[in-house]
Amino acid sequence: MTYHHHARTTAIADARPLANGWQASAVTSAATVAAATQETAGHTPCPAAFRRADTSLLVPEASATRARSTPTACRVRAEALRMLGCVRMATVRQMAQVITAEGSDGRSYVRRAMQQLKSQGLAETNGKHGRDPIWNLTRAGLKALAEGNELPSRPRAGTGARGIRAGFGPHGIAVTETILAYGGRHHLTGWQVEVNHAIKAIGLCFSTDAVLTLPTATSEVRLFEVDNGTMTRARLAQEVWDYERYAGHRIWEGARGTIGRSYDFWARHRYTRSRLFPALHVVLAGLPEHLLQRRLEALARDVEGITIAVLATTLPRLKRGEPWYELAVDDYPRRRARYPQVSSR
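The paragraphs below set out a description of the structure included in this document. Each residue is numbered by its place in its chain's sequence as written, counting from 1. Where local features are concerned, this predicted model is filtered to residues with pLDDT of at least 70; where side-chain atom pairs are given and counted, the filter is 80 or more; whole-chain, interface and lining totals use all residues. Neither water nor hydrogens contribute to the side-chain values; these are computed over all heavy atoms in the structure.

## Concerning the overall build of the protein chain
Part 1: Secondary structure follows DSSP: runs of H or I at least 4 residues long count as helices, runs of E at least 2 residues long count as strands, and numbering of each begins at the N terminus. Scanning the protein chain from N- to C-terminus turns up 12 helices and 12 strands.
Part 2: Looking at the protein chain as a whole, 50% of its 345 residues qualify as buried.
Part 3: Intrachain contacts of the protein chain at a sequence separation of at least 6 include 64% that bridge at least 24 residues.
Part 4: Here the accessible surface of atoms and residues is derived via Shrake-Rupley with a 1.4 Å probe, and residues count as covered only by protein chains that are part of the display. Accessible area for the protein chain stands at about 16,500 Å²; split by element, carbon and sulfur atoms hold 51% of it. Only protein chains enter the area calculation, which uses a 1.4 Å probe; residues under 20% of their type maximum are buried, those over 50% are exposed, and those in between are partly exposed. Residue contacts are counted whenever heavy atoms from the two residues lie within 4.5 Å of one another.

Written out as C-alpha cells, the structure reads:
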C-alpha cells in the first residue's frame, strides 16, 4: 500500500477563505505557511504563530415537516438511547437539543422518556452536572441498542456509570457539549467516545475523547481531545505529543518482521483509508473564557515543532461558530526523520 505524503500539509479539506484573504489548502508549501502566518499575525490576542482555519461542517436543512412535528414518546425513547450509545453520558438539556426541533424546548418530552427508560432498566443516573442529572445507559440499554442494529458494533463500549460515580461526569458532559457544538445533531451516529489508541511495543496507550467518522479528502476521521480545565498545561501538551509518537511509529513488513520494508503503524492497522494522519482537534473548556484563551496560547507554544496537524479552539468559540486556530500542519518527512527507528525484527 502506497501513501503519498507532502511536506507542510494541512489536514483541513473543508477550510474556507477568510476575510483577510488567506485560504487553507489540502497541500500547502512551507513558503505558503510562512506567508499565511504573516498575514494572520494581526489576529489578537493570539500569537502570530496561529493561523485561523474554518473546519465547520455542512449540515442538512431541517425539513418543514420535521420542524413542525411533535415527537412521539416512542421516537424520543429511541433517539435518547441512540444518543447515549454514541456520547455515553448527557443531560436532559443536551438530549433535547438533538431529539426535538431546533429552537424549541423539548426537555419535558425527554424527561418523561428517560423516566420510562429508567423504569425499564435501560437508563440510569449516577451523578449530577450542577443541578441536572447525568444520564447513561445500563448494560441492558446497550444490549437493546445493539439489537436495534442502527449503530456500528462497539463490543467494548462502556456505559459511563463508573466514570460518573468517580467524579468524571463534568468531563464527559464537556465532551458531549463539544460533539453537539461540532454538528453533533446532524452527524451524531458518526461519533465514538473514549477510543483507545495503544501500541504495546513502545508502551504507548491513551484514549481519544471523541472520534468523528466523516471523511475529508485526506483522512477518514477527525480526532478530538477535550480539556475541561483539570489538567496542568504540561500534561495537556504531553497528551498532544503522544499523538505524534503514535503517528511516527513504524514497524517491519511481514508477520515476523522479516521483510526489508517498514510502514506506518496507523496507516496499516487503524486508519487504512487515510492519506494523512488525522487532524487532532483540541477543545478547551471548564474555565472563564479569558483563562481559556491564555491556555490556548500556552498550548501553541508547548506544541511548537510538532509534526502532526493540530487545530485548537475554546468551547465558547466553537459554540459561536468562530474559526479554529491551526497550531501545526502535517509534516511527514520531518516526522520520518524524527522517528526513524522501527520495532526490532
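## Thoughts on the packing of aromatic side chains
Part 1: To pair, rings of Phe, Tyr and Trp, with the six-membered ring standing in for Trp, must have centres within 6.5 Å; the planes then decide the type, stacked if under 30 degrees apart, edge-to-face if over 60, and tilted in the middle. Tallied over the entire structure, the rule returns 10 aromatic pairs.
Part 2: Within the aromatic cluster, the residues linked to one another by ring pairs are F206, Y243, Y246, F265, W266 and F277.
Part 3: Distance and angle both matter: a charge sits over a ring if NZ of Lys or CZ of Arg is within 6 Å of the ring centre and within 35 degrees of the ring normal. Residue placement shows R268 over the ring face of Y263; its charged tip is 4.0 Å from the ring centre.

## A short note on the layout of surface pockets
Part 1: Counted as a void, the second largest pocket has a volume near 660 Å³.
Part 2: With a 1 Å grid laid over protein atoms only, a set of points is called a cavity when a 1.4 Å probe fits there but cannot get out and a pocket when it is open yet has protein on both sides within 12 Å along at least five of seven lines; lining residues have an atom within 4 Å of a point. Around the second largest pocket, the lining comprises 29 residues; the ones closest to its centre are R88, M89, G163, F168 and E194.
Part 3: When contributions to the lining of the second largest pocket are tallied by element, the ones reaching two or more residues are α7 (161-187), β5 (191-199), β6 (204-213) and β7 (221-227).
Part 4: The element best represented in the lining of the second largest pocket is α7, accounting for nine residues.
Part 5: Throughout this entry, Asp, Glu, Lys and Arg are counted as charged residues, while Ala, Val, Leu, Ile, Met, Phe, Trp, Tyr, Cys and Pro are counted as nonpolar. The remaining residues, Gly among them, count as polar. A breakdown of the residues in the lining of the second largest pocket according to their chemical character gives 10 nonpolar, 10 polar and nine charged. Grid points are joined across faces, edges and corners, and a volume is the space filled by probe spheres set on the points.

## Digging into helix α4 (residues 92-99)
Part 1: Here α4 lies mainly inside the structure; six of its eight residues are buried.
Part 2: Three or more residues of α4 are buried, namely V92, Q94, M95, A96, V98 and I99.

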